[in-house]
Amino acid sequence: MDLKEKKGWQTFHVGSVPLPVYLVLSLVILVTAYLEQLPVNMLGGFAVILTMGWFLGTLGANIPYLKNFGGPAIMSLLIPSILVFLNLINDNVLQSADMLMKQANFLYFYIACLVCGSILGMNRKILVQGLMKMIIPMMIGMVLAMGVGTLVGVLLGMDWKHTLFFVVTPVLAGGIGEGILPLSLGYSQITGMGSEQLVGQLIPATIIGNFFAIGCSAFISRLGEKKPHLSGKGQLVKQKPGEEIDLEEEEDKSPIDVKLMGAGVLTACTLFITGGLLQHLTGFPGPVLMIVVAAALKYINVVPAETQRGSKQLYKFISGNFTFPLMAGLGLLYIPLKDVVGVLTWQYFLVVISTVLTVITTGFFVSKFMNMYPVEAAIISACQSGMGGTGDVAILSTTDRMNLMPFAQVATRLGGAITVISMTFIFRLIF
């Protein structure tokens, strides 16, 4: 019994390392930080955000109930912000994180790897066929949600521009990594404000929308149990006898290839630079153009398969290891708690809730004309207002429909990309 307990203790991981190893490494970093001897460079910055982000992400993933509502992301963002607010983080730690996050601009690298890897690594059949199945309810839901959410905000006395671009749009942007961060960069290019400041204004809507989307999905799933004719029991598209529609994403079982990941780094950097070049020529925000270029390359299928595989492996590496550390860095430097709390009024909550409810309701009723089951269509629509991949997993696991993940990815990735691109374009026209 003791041996088993010891084995469990040793095999429990915090982030990417076993707990005993993490305790030793974090103790060294904690002592060094307390003595204010952390190097103010990328090494010191990575030490700060990795130890903090991995711990908070693991903690959030193990808190009952909260773990099903994006707990790791919430903990990673809010706890560092609270610690800074209470003056429990010394200047040495903040300077090290600042060097990595602001001066070295790790945020841009993360965004480039995630956006390019998620699109280039996507199954092309899902991109084409899934888009054909979901594009109509997805676009109708997006337009109606933006209209209803903005109208609710105006009726409650909020400015329509702020409501549309800073409350409604973040809910539909497809999460933080692939949605809010590129959106903040696009807004930054237009307004001249720092993208870091914009992130703090955009993220609360995404988190609140994620909570409500999960709750609504659970209710819709329960409705399907009470009214079986509305539910496909995990099947989205109604099929005729003998008809088969296979949109299952092929699992990449090839071994990790560090050289291919290196090609993925170069590809991500090149696409990001291409976006910047196109911005110089067109005046349209580069990070958004990067999404367009990546999607176009995937659609016409000109990128070699091994380069696509390398981009996908890089995406998995970056998202698996640096998502919560990046959020911890954002919490330390970019999310002033006073400003975030000041944003969260009852009017703000009602706007977010009306946006999510409109998306889900639209999916439910439009499905009737698209030969889809209403319950499954509504659940997939809910993924549009979830928190990216984390939200997809939370929504589908809550409703016991993980087999719908390919469609959820279409709603999240493509729906989010369409939202970011279109709303950045409109934002530029208006401002």
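Notes on the structure follow.

Definitions and cut-offs
- Residues numbered from 1 in each chain as written.
- Predicted model: local features only at pLDDT ≥ 70, side-chain atom pairs only at ≥ 80, totals over all residues.
- Heavy atoms only, no water.
- Axes fitted to C-alpha atoms, helices over the stretch in contact; angles between N-to-C directions.
- Helix = DSSP H or I, 4+ residues; strand = E, 2+ residues; numbered from the N terminus.
- Parallel < 35°, antiparallel > 145°, perpendicular 65-115°, else oblique.
- Left-handed = near helix turned anticlockwise from the far one by under 90°.
- Contact = heavy atoms within 4.5 Å.
- Nonpolar A, V, L, I, M, F, W, Y, C, P; charged D, E, K, R; others polar.
- Phe/Tyr/Trp six-rings, centres within 6.5 Å; stacked < 30°, edge-to-face > 60°.
- Buried < 20%, exposed > 50% of the residue type's maximum accessible area, 1.4 Å probe, protein only.
- Salt bridge = Lys/Arg side-chain N within 4 Å of Asp/Glu carboxyl O.

Structural notes on the packing of helix H15 (residues 346-366) against helix H16 (residues 374-383)
Phase 1: One can describe the packing of H15 onto H16 by two numbers: an axis separation of 7 Å at closest approach and a directional angle of 150°. In terms of orientation, H15 lies roughly antiparallel with respect to H16. In this structure, H15 crosses over H16, and the sense of that crossing is right-handed. Residues Val359, Ile360, Gly363 and Phe364 of H15 pack against Pro374, Val375, Ala377, Ala378, Ser381 and Ala382 of H16.
Phase 2: Its residues placed into classes, the contact of H15 with H16 shows 8 nonpolar, 2 polar and no charged.

Some words on the packing of aromatic side chains
Phase 1: Going through the model one piece at a time under the given rule, you end up with 12 aromatic pairs.
Phase 2: Their ring planes at 70° and their centres at 4.9 Å tell us that Phe165 and Phe427 sit as a pair that is edge-to-face. Of this pair, Phe165 sits in helix H8 (residues 160-171) while Phe427 sits in helix H18 (residues 405-430); the two residues are 262 residues apart in sequence, bridging distant segments of the chain.
Phase 3: Note on Phe165: relative accessible area 0%, which makes it buried.
Phase 4: Where Phe364 meets Phe365, the ring centres are 5.2 Å apart and the plane angle is 80°; that geometry is what we call edge-to-face.

Looking at the pattern of salt bridges
If charged atoms from side chains of opposite charge come close, those side chains can pair.
Phase 1: The full count for this structure, using the stated rule, is 3 salt bridges.
Phase 2: Ionic pairing is found between Glu225 and Arg222, a salt bridge with its closest N-O pair at 2.7 Å. Of this pair, Glu225 and Arg222 both sit in helix H10 (residues 195-226), separated by 3 residues, roughly a single helical turn.
Phase 3: Of the residues examined, Arg222 reaches a relative accessible area of 47% and is grouped as partly exposed.
Phase 4: Measuring nitrogen to oxygen at the nearest pair gives 2.7 Å for the salt bridge that ties Glu376 to Arg401. Linking Glu376 in helix H16 with Arg401 in the loop between helix H17 (388-398) and H18, this pair joins segments that are 25 residues apart in sequence.
Phase 5: Assessed through its relative accessible area of 0%, Glu376 is described here as buried.

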